[in-house]
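One-letter residues, chain by chain:
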Amino acid sequence: MPMLEVENIHTYYGNIHALKGVSLKVEEGEIVSLIGGNGAGKTTTLRTISAALKPREGQVTFMGMDLRKHRPHDVVRKGIAMVPEGRRIFAQMTVMENLEMGAYTRKDKKKIAEDLEWVFELLPRLKERRRQVGGTLSGGEQQMLATARAMMTRPRLLLMDEPSMGLAPVLVEAIFDTIVRINKEGTTILLVEQNALMALSVANRGYVLETGTIVMHDTGEALKKNASVQKAYLGME
Amino acid sequence: MSTKDFDWKLVLRSGLLGGAIAILLSLIGIVTGFNETYIIYKVITFGELLVLGPILAFSFAALRRTSSSDSGVRFTTGALAGLTSGLVLLAFVGIGQVINLRAVFVNASPDLYAMLSYNQSLPIGMLLRLLVSGLVGLIVAGFTLLPTRLKQALGQGLIYVILIGLMGRLIGTVMTNWGFVSLLFEWMFASSGMSFLGAIVLFLLVGGLAYWRAGRPKVKPRLEPKKQQTVRWATLAGVGLVLIFLPNILGLWFSEILDNVGLFILMGLGLNIVVGFAGLLDLGYVAFYAIGAYTIGVLTSPELGFFNLTFWQAFPFALIVALIAGVLLGLPILKMRGDYLAIVTLGFGEIIRLLALSDWLKPWLGGTQGIQRIERPVIGLGNFTIELISQQQLYYLILAGIILVAFIAFRLRDSRLGRTWMALREDEDVAVAMGINHVATKLTAFAMGALFSGIGGTIFAAKIGSIYPSSFQFLVSINILSLIIVGGIGSIPGVFVGALALMGLPELLREFAEYRYLFYGAALVAMMLYKPEGLWPEARLKLELHEDEIPPPGDPVPSTEGS
């Protein structure tokens, strides 16, 4: 059984039919990338999975649980964490406090301290800046903080929405290195990206979303070599 | 003096603006209105100060923009800016002689012209006015050439003389309570404003003190921790003592003001939780104040005769009712944000007021006649009981309420719940994604805010003894919100400062009669322009706005890469 199974979901914003039957699967231990242009429905898919939006039709099953029955703040407790688009850290809180917010649902202080150490080891820059307020961090550091904050929830599945958005190329690479490391240490990742090249390079499998429907599905490598993907998303003729 | 350092345009602009503002103040009517109000008796009136003030301010502004330190340039700049202002006034009086400005401007009276020309015949008077204006500019220029330490001393001395001169009557009401001090008062003050000698003594005293303080080394020697602890306790004890004896020191009239300020602090602390901590803009906050007050009224008033409880018996009920009202208001608006929330809460506040006013609920709430003969709180045990009636007695009840509520607010801010409110304020979606139950969190914020406001309402009812729907106008909500913003949103000490500034200051400005709200409004606008973060901003906000000023503790590593 796959870890996450999305079956034929239809999500609406009012009367706007945003997702027209999206289905995808994420197996435990994978990195799965969901690529697509503006307005294709990538973020909507993530928000539907995390129960922030309710699909009118279709199923979202995570580890055998029907996610549609849960309220958005409960989904975290089930093991799904989200790194939102545009970073969205708590700007007036320090780095440390942001990370503590990540561990909001957890009670075991010892485990939290261990995870904090782990996060600091993974992203040493955050340790240096742990007493600084989030708003004063650079864009790259904020993205690291948002990722670290999500990791502090101890997720089994990490949803990442456009982690490379608005970052310099050097930093994009650093972020993707971090993603791969997090995955190697045991967290499954579902990644939504406009930067298709990077997203497909790190992914085991990829889905291509266009105007609310999945139009293609293959391994990351295969999609990278696919002519129409190259033309539409990788800027190659 | 080199001509290229001299900025004609600057001088002209400053002079014209100074003159124009002096004319504006004249036409509003405050110049003639305060021509009998002396700052220093028989030397200068407040009206004259309002004419000279803008001239002084703008020649000062011109000099501050003049980079040249050449005394010739500076004196010319100051004098010419002042003279320009004087010419503007001259032109104004001249036009006033030819055209009857009074048809449009009621205050362009012969009195005003006489005052502007120092009660002399027009040519001599206006020449005098011109000379005085130029002289003001010259003096300002001389002032800017002084060493900083002396400048500070002179400036402070002057400001204190003006403020204390203006507040003379007010200070008098306090000082005459005290035998020997009243003698000092009589010597320092005249029938209006300060006496000449008093002013000079005060000026020298304040100026000398400022001069001496500026000369001391800036860095204070660090006390050892144990001593620091002692100093802290001593300060706390001192503040406590002052707070205990404040109503006796200040007398009845000031106690009334203190009580009002205190009630607003209570409500401000509550609204600060809703708006400051949780970021939910609530414009109907007066509703909970009304609910607290009316619950006490209904339960205690023998006039209505339902329950006839004592104040303290009714008190817990009032709190519970306010709390429930907070949750009830919270429920329908959980999904709303920002402006929408503000409108709905505004509606809620009006509904509560209109219900109290309605004929429908008149048998219970008294309609327009309100509720009279509300029970006063009685404290004490056995035979030693006191009924709290006078402002001075009620002060202690309010003080106790503030201490309790402020303590709770401080604890809440630093608690897990406080952190949760903050996360919700900053980004609701992300907060939910972190597993925060936004429904429960918002409702607790509303409930706590309502509770604190309810406490304020109960004391208000007990203080006045009778309540009417008209006491719970929308304006009260706006006042509380303004005091939070002026104090610094989200800041607990800010609530105190804001309440003192917004509720206390207008009372102190009573001297200025109908113009006090003019000054008050001007002060608010200036404040928002120059100190938008508030008088006592929250440390976090300051940290974010002025990150460069505070070195991060630990091991600061400068950012080497941007994004």
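All values reported here derive from a predicted model rather than from experimental measurement.

**Q** Please set out the overall build of chain B residue by residue, giving values where relevant.
**A** Of regular secondary structure, chain B possesses 23 helices and four strands. C-alpha extents for chain B along the principal axes are approximately 80 × 70 × 50 Å. Going through the 563 residues of chain B one by one, you find that 46% of them count as buried. The contacts of chain B with a sequence gap of at least 6 include a subset with a gap of at least 24, amounting to 72%. For chain B, the exposed surface amounts to about 28,500 Å²; the carbon and sulfur share of it is 69%. The averaged location of the 33 negative side-chain charges in chain B is 6 Å from the averaged location of its 38 positive side-chain charges.

**Q** I'd like to hear about the environment of Ile389 of chain B, residue by residue, with values.
**A** Residue and element names in this part refer to chain B. Mapped onto the elements of the fold, Ile389 is located in the loop between strand S4 (384-387) and helix H16 (391-413). Under the relative-accessibility criterion, Ile389 is labelled partly exposed at 41%. Along the chain, Ile389 and Ala91 lie 298 residues apart, while their C-alpha atoms are 59 Å from each other. Excluding anything up to four places from it in sequence, Ile389 contacts Arg376 and Leu394.

**Q** Break down the layout of surface pockets for me, citing the residues and quoting the values.
**A** Residue and element names in this part refer to chain B. Quantified by volume, the largest pocket comes out at close to 1,900 Å³. In this structure, the largest pocket is lined by 42 residues; those nearest its centre are Leu49, Gly53, Leu56, Leu158 and Ile162. For the lining of the largest pocket, the secondary structure elements donating two or more residues are strand S1 (38-40), helix H3 (46-65), helix H6 (122-145), helix H7 (148-166), helix H10 (196-215) and helix H22 (516-530). A total of ten residues in the lining of the largest pocket trace back to one element, the largest contributor, which is H3.

**Q** Describe unusual backbone geometry, with residues and values.
**A** Residue and element names in this part refer to chain A. For Asn8, which is not glycine, the phi dihedral falls at a positive 50°. Topologically, Asn8 is positioned in strand S1 (residues 4-13). Positive phi, close to 35°, is recorded for Thr211, a residue that is not glycine. Of note, Thr211 is situated in the loop between strand S9 (205-210) and strand S10 (213-219).

**Q** Requested: an account of the interface of chain B and chain A, with residues and values cited.
**A** Contacts between the two partners involve 33 residues from chain B and, on the opposite side, 38 residues from chain A. In total, about 3,100 Å² of surface goes out of reach between chain B and chain A, with carbon and sulfur atoms giving 54% of it. Along the contact surface separating chain B from chain A lie four salt bridges. The partner of Asp427 of chain B in a salt bridge is Arg88 of chain A, and the shortest N-O contact between them spans 2.7 Å. Where chain B meets chain A, there are nine residue pairs in polar contact (both at pLDDT 80 or more).

**Q** Provide a residue-level description of the packing of aromatic side chains, including the pertinent values.
**A** Applying the stated rule across the entire model yields 18 aromatic pairs over all chains. Between the aromatic rings of Phe460 of chain B and Phe472 of chain B, the centroid separation amounts to 5.8 Å while the plane-to-plane angle is 75°, which identifies the pairing as edge-to-face. Of the two residues, Phe460 of chain B sits in helix H19 (residues 438-464) while Phe472 of chain B sits in the loop between H19 and helix H20 (474-487), which places them twelve residues apart along the sequence. For the pair shown, Phe460 of chain B and Phe472 of chain B are each scored as buried. A network of ring pairs unites the aromatic residues Tyr289, Tyr294, Phe460 and Phe472 of chain B as a single cluster. One cation-aromatic arrangement involves Arg56 of chain A over Tyr12 of chain A; the distance from NZ or CZ to the ring centre is 3.8 Å. Its end group placed over the ring of Tyr211 of chain B, Arg149 of chain B keeps NZ or CZ at 4.0 Å from the ring centre.

**Q** Kindly report on the sheet that holds strand S8 (residues 188-193) of chain A, identifying the contributing residues and their values.
**A** Hydrogen bonds between backbone groups are what pair the strands of a sheet, and the pairing can be parallel or antiparallel. Residues and elements named next belong to chain A. One open sheet accounts for six strands, arranged S6-S7-S8-S3-S9-S10; its pairing is mixed. The sheet is open, and its two borders are formed by strand S6 (80-83) and S10, each paired with just one other strand. Sheet twist, expressed as the average angle between the axes of neighbouring strands with direction ignored, equals 15°. Of the pairings in the sheet, the one linking strand S3 (residues 31-35) to S9 comprises four bridges and is parallel in character.

**Q** Summarise the pairing of S1 of chain A; cite the residues concerned and give the values.
**A** Residues and elements named next belong to chain A. Pairing geometry for S1 and strand S4 (residues 57-62), over five bridges, is antiparallel. Bridging across to S4, Val6 finds its partner in Val60. In terms of strand pairing, S1 meets strand S2 (residues 16-26) through eight bridges, oriented antiparallel. Residue pairing for S2: Thr11 is matched across the bridge by Leu19. With antiparallel pairing between neighbouring strands as the criterion, S1 and S2 make up a hairpin whose turn holds two residues, including Gly14 at a positive phi of roughly 65°.

**Q** So what's going on with the side chain of Asp259 of chain B? Which residues, and what values?
**A** Residues and elements named next belong to chain B. Topologically, Asp259 is positioned in helix H11 (residues 225-277). Buried within the structure, Asp259 lacks any salt-bridge partner; its nearest side chain of opposite charge belongs to Lys463, at an N-O separation of 5.1 Å. Dropping the residues within four chain positions of it, Asp259 is found in contact with Gln391, Leu394, Tyr395, Ile398 and Lys463.

**Q** Please provide a residue-by-residue account of the nonpolar core, values included.
**A** Leu271, Phe288, Trp421, Ile467 and Phe472 of chain B are the most contacted members of the largest nonpolar core, which totals 85 residues. For this core, the leading source of residues is H11 of chain B, giving 14 residues. Residue assignment places this core across two domains, with domain 2 (154-217) and domain 3 (249-545) of chain B each supplying three or more. Beyond its immediate chain neighbours, meaning those up to four positions away, Trp421 of chain B contacts Ile273, Phe277, Ala278, Leu412, Thr441, Thr444, Ala445 and Met448 of chain B. The next biggest cluster of nonpolar side chains, apart from the first, holds 44 residues, and it includes Met151, Ile182, Ile189 and Leu200 of chain A.

**Q** Residues and numbers for the environment of Leu83 of chain B, please.
**A** Residue and element names in this part refer to chain B. Following the sequence through the fold, Leu83 ends up in helix H4 (residues 71-98). On a C-alpha basis, the gap between Leu83 and Gly367 in space is 62 Å, while along the polypeptide they are 284 residues apart. The residues touching Leu83, leaving out its near neighbours within four places in the chain, are Leu130, Ser133 and Gly134.

**Q** An account of the domain arrangement of chain B is requested, with residue identities and associated values reported.
**A** Many authors give the size of an interface as the accessible area that is lost as the parts come together. Residues and elements named next belong to chain B. For chain B, the assigned domains are domain 1 (3-145), domain 2 (154-217) and domain 3 (249-545). Its C-alpha centre places domain 1 at a distance of 45 Å from the equivalent point of domain 3. Contact with domain 1, which involves five residues of that partner, is made by five residues of domain 3. Buried area between domain 1 and domain 3, both sides added, is near 480 Å², and the carbon and sulfur share of it is 87%. Taken together, the connections running from domain 1 to domain 3 amount to zero salt bridges. For the interface between domain 1 and domain 3, the tally reads zero residue pairs in polar contact (both at pLDDT 80 or more).

**Q** So, the packing of helix H12 (residues 286-300) of chain B against H19 of chain B: which residues are in play, and what are the values?
**A** All names here are of chain B. It is the contact of H12 with H19, at a shortest axis distance of 7 Å, that shows an interaxial angle of 45°. Classified by the angle their axes make, H12 and H19 are oblique. With respect to the hand of their crossing, H12 and H19 are arranged in right-handed fashion. Of the residues in H19, those touching H12 at Phe288, Tyr289, Gly292, Ala293 and Ile296 are Ala450, Ser453, Gly454, Gly456, Gly457, Thr458, Phe460 and Ala461. Tallied by class, the residues present in the contact of H12 with H19 amount to seven nonpolar, six polar and no charged.

What counts as what
- Residues numbered from 1 in each chain as written.
- Chains lettered and ligands numbered in written order.
- Predicted model: local features only at pLDDT ≥ 70, side-chain atom pairs only at ≥ 80, totals over all residues.
- Heavy atoms only, no water.
- Helix = DSSP H or I, 4+ residues; strand = E, 2+ residues; numbered from the N terminus.
- Buried < 20%, exposed > 50% of the residue type's maximum accessible area, 1.4 Å probe, protein only.
- Contact = heavy atoms within 4.5 Å.
- Areas by Shrake-Rupley, 256 points an atom, 1.4 Å probe, with all protein chains shown as cover.
- Lys, Arg positive; Asp, Glu negative; His and termini not counted.
- Charge placed at Lys NZ, Arg CZ, Asp CG, Glu CD.
- 1 Å grid on protein atoms, 1.4 Å probe; cavity = no way out; pocket = protein on both sides within 12 Å on 5 of 7 lines; lining within 4 Å.
- Points joined across faces, edges and corners; volume = space filled by probe spheres on them.
- Buried area = accessible area lost by both parts, 1.4 Å probe.
- Salt bridge = Lys/Arg side-chain N within 4 Å of Asp/Glu carboxyl O.
- Polar contact = N/O pair within 3.5 Å; in protein donor to acceptor, adjacent residues only side chain to side chain.
- Phe/Tyr/Trp six-rings, centres within 6.5 Å; stacked < 30°, edge-to-face > 60°.
- Lys NZ or Arg CZ within 6 Å of the ring centre and 35° of its normal.
- Pairing = 2+ DSSP bridges.
- Axes fitted to C-alpha atoms, helices over the stretch in contact; angles between N-to-C directions.
- Core = buried A, V, L, I, M, F, W, Y, C linked by side-chain atoms within 4.5 Å.
- Domains from an automatic or database assignment.
- Parallel < 35°, antiparallel > 145°, perpendicular 65-115°, else oblique.
- Left-handed = near helix turned anticlockwise from the far one by under 90°.
- Nonpolar A, V, L, I, M, F, W, Y, C, P; charged D, E, K, R; others polar.

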